[in-house]
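# Structural characterization, general
The lines below spell out each chain.
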Amino acid sequence: MKLHEYQSKQIFAKYGIPIPKGRVAVTASEARQIAEELGGRVVVKSQVLVGGRGKAGGIQLANNPEHAEELATKILGMEIKGLPVRKVLVDEAANIDQEIYLGITTDRAARKPVMMASAAGGIEIEEVARQTPEKIIKVHIDPLLGLRDYQARNIACNIDLSRDYWRDFGKIANGLWNAYAATDATLAEINPLVTTKDKRLIALDGKMLVDDNAMFRHPDLTEMRDLDTETRAETDARKYGLSYIQLEGDIGCMVNGAGLAMTTMDIVKLFGGAPANFLDIGGGASAEKVAAALRIILSDPNVKAVLFNVFGGITRCDEVARGVLAALDEVRPEVPMVVRLVGTNAEEGRQLLADANMITAETLADAAQKAIAAAKGEAS
Amino acid sequence: MSILINKNTRLLVQGITGNEGLFHTSQMVEYGTNVVAGVTPGKGGEWVLGGKIPVFDTVSIAVQATEANASVLFVPARFTPDAIFEAADAGIPLIICITEGVPVQDMMRVRNYLDQKNIRLVGPNCPGLLTPGESKVGIIPGNIAIPGNIGVVSRSGTLTYEVLYALKLLGVGASTCVGIGGDPVNGTNFIDVLGMFENDPQTDKVVLIGEIGGTDEEKAAEFIETRMTKPVIAFIAGQTAPPGKRMGHAGAIIEGGSGTAADKIKALQAAGVKVARHPEEIPSLLS
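Residues numbered from 1 in each chain as written. Chains lettered and ligands numbered in written order. Predicted model: local features only at pLDDT ≥ 70, side-chain atom pairs only at ≥ 80, totals over all residues. Heavy atoms only, no water.

With that out of the way, let us pick up the overall build of chain A. The helix and strand tally for chain A stands at 13 helices and 19 strands. Along the longest, intermediate and shortest principal axes, the C-alpha atoms of chain A span 80 × 50 × 40 Å. Classification of the 380 residues of chain A by burial places 52% in the buried group. When the accessible surface of chain A is split by element, carbon and sulfur atoms take 47% of a total near 16500 Å². Chain A carries 45 positive and 52 negative side-chain charges, and their two centres are separated by 5 Å. (Helix = DSSP H or I, 4+ residues; strand = E, 2+ residues; numbered from the N terminus. Buried < 20%, exposed > 50% of the residue type's maximum accessible area, 1.4 Å probe, protein only. Areas by Shrake-Rupley, 256 points an atom, 1.4 Å probe, with all protein chains shown as cover. Lys, Arg positive; Asp, Glu negative; His and termini not counted. Charge placed at Lys NZ, Arg CZ, Asp CG, Glu CD.)

What follows is the structure, given as structure tokens:
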């Protein structure tokens, strides 16, 4: 789950990282009021969960409160990469001297958190990594020990940060580690961390991703979820414990198991069709779960056919078939359904479904081709 | 021969009295796995499966009483890290974690701790291990595979079952099937298992089932090219997955342009691995 800039910076502040004075506004007049309180120049920043806000005109400098109101009106009416701007952050403008990148993420291959820093801050770190990888300093952190003070000093030294800042930098690096660890983050990033003309270090912008699997111990973070980044169907699926991701195609896919679900999408594409979604109904296939999944798939108006692909292992195929029939009774879809059951008692299961006038298939390739044909028939 | 488990495996089940734990224990026992004990804190002294398997309060007591040498976990995600630490501290050398949804920072702490103690973890978020005809640890349906000479290693569950079953229908069997799990940080990765298959006399060929996310398949490609003599056939799921979205498995996500199926397929092919376009092509590539 992604957090907004203002949410990330509030968390940073809790762990002793200096952030600019400022607040979030949902109306232009609020933005003006905040600018008045802050005095001087302010930055009006759109709060949407995509990169490239600056380039899209979603981050602008205001000279006075009237100007801030004017900019906020404009920015609050914007859509950036398809997402509506519902909030702006109004921050005091900083007098920037130098821009640094500082972040922590998971290094999957090393199985450790890695702190990354670069003197080339302010631009996306992926860009720095592509063009000048030597400018990124990486330090692995032992997850059982946490960040050591010497590691922070090494980083400060290696990015050629002036010695005057080492002490503050150490506190910030440590604060970032604590914020990362305490929130179960998978990414905690300050970009840029700036030095100012009056010799301070400030986290001007922040970004955090937190682990969806750890939400059980972070009810406060759960409330921060921004539902604009997912479709209504994706939100509904999450409630039922289903993994669902909407795509652009017209063949709805319902599959048990994530790997098999991805494979089903792939094979639809391989035979010239386009999957409408990824959906993993998990182990087994109770009528209840199948019905919920079917409703979610059919809520996408692009879906012209549904491909149901289940491997019956411990849950036998005839049981799965009965679940499907009960679900169909409840949902009554108007698009053709192609069903492939494989594994234990597959024949009995297929027979049950064929008797109910469903299109059945034995192989994955056969199922994909039948679903593609069915979707075309519906469209013509 | 087989890898990781065999007839001599003395299995402990952590979380044995829960629904999943109890059901799969009965399946494992039915398959012939030697399940010697279960652990559920607070239920020590009880017996399950009609009085066949004793339940203990702690792993250390269970190990003292039964000499268990492997443990399988059916423990809810929030209690899983603690259960793994408990098994490790009780001296169990092989831990198989079925549980899905363990936070990744927990897994980094677990993995770094186990590495110091030289303990092997398989999973989490995996279907476990199956040595057809001998032993099954986890949730792989026993009836979908027959004994044979193909080693199978996979990041997925049901997709692996598909492959095992397709092989069985053709009369082809497996030496051992290892589900390594779909999480970004896990206990055992492809190269660990490939190395074991290379050294296992019963295994003649290997099927590797990968998916998007991370660089484990690329590492496997390098290992196959430099260290393996046995042929490897691969399939990679997620060729149509959009970037930035987590495809069910926590580890199946394309991040910052890396971890794509195309990159993995390219690396494997460059290492001489035949890559199937879809799983049903695997049996023909094996012959």
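We now examine the domain arrangement of chain B. Residues and elements named next belong to chain B. According to the domain assignment, chain B contains domain 1 (11-122) and domain 2 (140-286). Of the roughly 900 Å² buried between domain 1 and domain 2, counting both surfaces, carbon and sulfur atoms make up 53%. Together, Arg111, Arg120 and Val122 form the three largest contributors to the area buried by domain 1 at its contact with domain 2, with a combined 49%. Summed over the shared surface of domain 1 and domain 2, the number is 1 salt bridge. Residues Arg120 and Asp192 are paired through a salt bridge, measuring 3.7 Å at the closest nitrogen-oxygen approach. Elements that contribute at least two residues to the side of domain 1 that touches domain 2 include exactly helix 4 (104-117) and strand 7 (120-122). Here the side of domain 1 that touches domain 2 gets 4 residues from one element, more than from any other, and that element is helix 4. Within the side of domain 1 that touches domain 2, the residues separate by chemical class into 7 nonpolar, no polar and 2 charged. (Domains from an automatic or database assignment. Buried area = accessible area lost by both parts, 1.4 Å probe. Salt bridge = Lys/Arg side-chain N within 4 Å of Asp/Glu carboxyl O. Nonpolar A, V, L, I, M, F, W, Y, C, P; charged D, E, K, R; others polar.)

This next bit is on the environment of Val342(A). Considering the arrangement of structural elements, one finds Val342(A) in strand 18 (residues 337-343). With a relative accessible area of 11%, Val342(A) lands in the buried category. Along the backbone, Val342(A) and Gly51(A) are 291 residues apart, and their C-alpha atoms lie at a distance of 43 Å. When residues no more than four places from it in sequence are discounted, the contact partners of Val342(A) are Val310(A), Phe311(A), Gly312(A), Cys317(A), Glu362(A), Glu162(B) and Tyr165(B). (Contact = heavy atoms within 4.5 Å.)

This paragraph deals with the packing of helix 7 (residues 216-227) of chain B against helix 8 (residues 261-270) of chain B. All names here are of chain B. For the pair helix 7 and helix 8, interaxial distance at closest approach is 8 Å and the crossing angle is 5 degrees. Here helix 7 is positioned roughly parallel relative to helix 8, judged by the angle of their axes. Contacts between helix 7 and helix 8 involve Asp216, Glu217, Glu218, Ala221, Ile224 and Glu225 from the first element and Asp263, Lys264, Ala267, Leu268 and Ala270 from the second. Residue composition of the contact of helix 7 with helix 8, grouped by class: 5 nonpolar, no polar and 6 charged. (Axes fitted to C-alpha atoms, helices over the stretch in contact; angles between N-to-C directions. Parallel < 35°, antiparallel > 145°, perpendicular 65-115°, else oblique.)

Moving on to the side chain of Thr260(B). Relative to the assigned elements, Thr260(B) resides in the loop between strand 13 (232-237) and helix 8. In this structure Thr260(B) touches Ile212(B) and Ile254(B), once residues within four positions along its chain are discounted.

What follows deals with the pairing of strand 13 of chain B. All names here are of chain B. When you tally the buried positions in strand 13, you get 6 out of 6 residues, the bulk of the element. Where strand 12 (residues 205-211) meets strand 13, 6 bridges bridge the pair, whose relative direction is parallel. Across the sheet, the residue bridging to Leu208 is Ala234, located in strand 13. What joins strand 12 to strand 13 is helix 7, and the crossover it makes is right-handed. Pairing between strand 13 and strand 14 (residues 274-275): 2 bridges, direction parallel. Paired with Ile233 across the strands is Lys274, a residue of strand 14. Traced from strand 13 through helix 8 to strand 14, the parallel crossover comes out right-handed. (Pairing = 2+ DSSP bridges. Right-handed = clockwise from strand over helix to strand, strands pointing away.)

Between Asn191(A) and the following residue, Pro192(A), the backbone shows a cis peptide bond with an omega angle of 5 degrees. Tracing the sequence through the fold places Pro192(A) in strand 11 (residues 185-196). For the bond running from Gly123(B) to Pro124(B), omega is 10 degrees, close enough to zero to count as cis. Within the secondary structure layout, Pro124(B) lies in the loop between strand 7 and strand 8 (128-131). Positive phi, close to 50 degrees, is recorded for Arg332(A), a residue that is not glycine. Tracing the sequence through the fold places Arg332(A) in the loop between helix 11 (317-331) and strand 18. Judged by relative accessible area, which is 60%, Arg332(A) ranks as exposed. The phi angle at Asn357(A) is positive, at roughly 65 degrees, despite the residue not being glycine. Taking the relative accessible area as the measure of exposure, Asn357(A) reaches 71% and is therefore exposed.

This part takes up the packing of helix 6 (residues 190-199) of chain B against helix 7 of chain B. All names here are of chain B. Across the interface, helix 6 lies against helix 7 with an axial gap of 9 Å and an inter-helix angle of 30 degrees. Our classification of the angle between helix 6 and helix 7 gives roughly parallel. The two elements helix 6 and helix 7 meet at a crossing, and its hand is right-handed. In this structure, helix 6 contributes Phe190, Ile191, Leu194, Gly195 and Glu198 to the contact, and helix 7 contributes Asp216, Glu217, Lys219, Ala220, Phe223, Ile224 and Arg227. Considering only residue class, the contact of helix 6 with helix 7 consists of 6 nonpolar, 1 polar and 5 charged. (Left-handed = near helix turned anticlockwise from the far one by under 90°.)

On to the nonpolar core. Counting residues in each nonpolar core, the largest one holds 82 residues, and the members touching the most others are Val72(B), Ile96(B) and Met247(B). Not counting chain neighbours up to four residues away, the residues in contact with Val72(B) comprise Leu11(B), Leu12(B), Val13(B), Gln14(B), Met28(B), Ile96(B), Ile98(B), Val137(B) and Gly138(B). (Core = buried A, V, L, I, M, F, W, Y, C linked by side-chain atoms within 4.5 Å.)

Attention now moves to the pairing of strand 8 of chain B. In regular strands, side chains alternate between the two faces of the sheet. Residue and element names in this part refer to chain B. Judged by which residues are buried, strand 8 turns out to be covered on both faces: Gly128 and Leu130 on one side and Leu129 and Thr131 on the other are all buried. As defined by bridge partners, strand 8 adjoins strand 9 (residues 135-138) across 4 bridges and the pair is classed as antiparallel. Residue pairing for strand 9: Leu129 is matched across the bridge by Val137. The antiparallel pairing of strand 8 with strand 9 creates a hairpin that spans 3 residues between the two strands, and Gly133 there sits at a positive phi of about 80 degrees. In this sheet, strand 11 (residues 174-179) lies alongside strand 8 in antiparallel orientation, the contact comprising 2 bridges.

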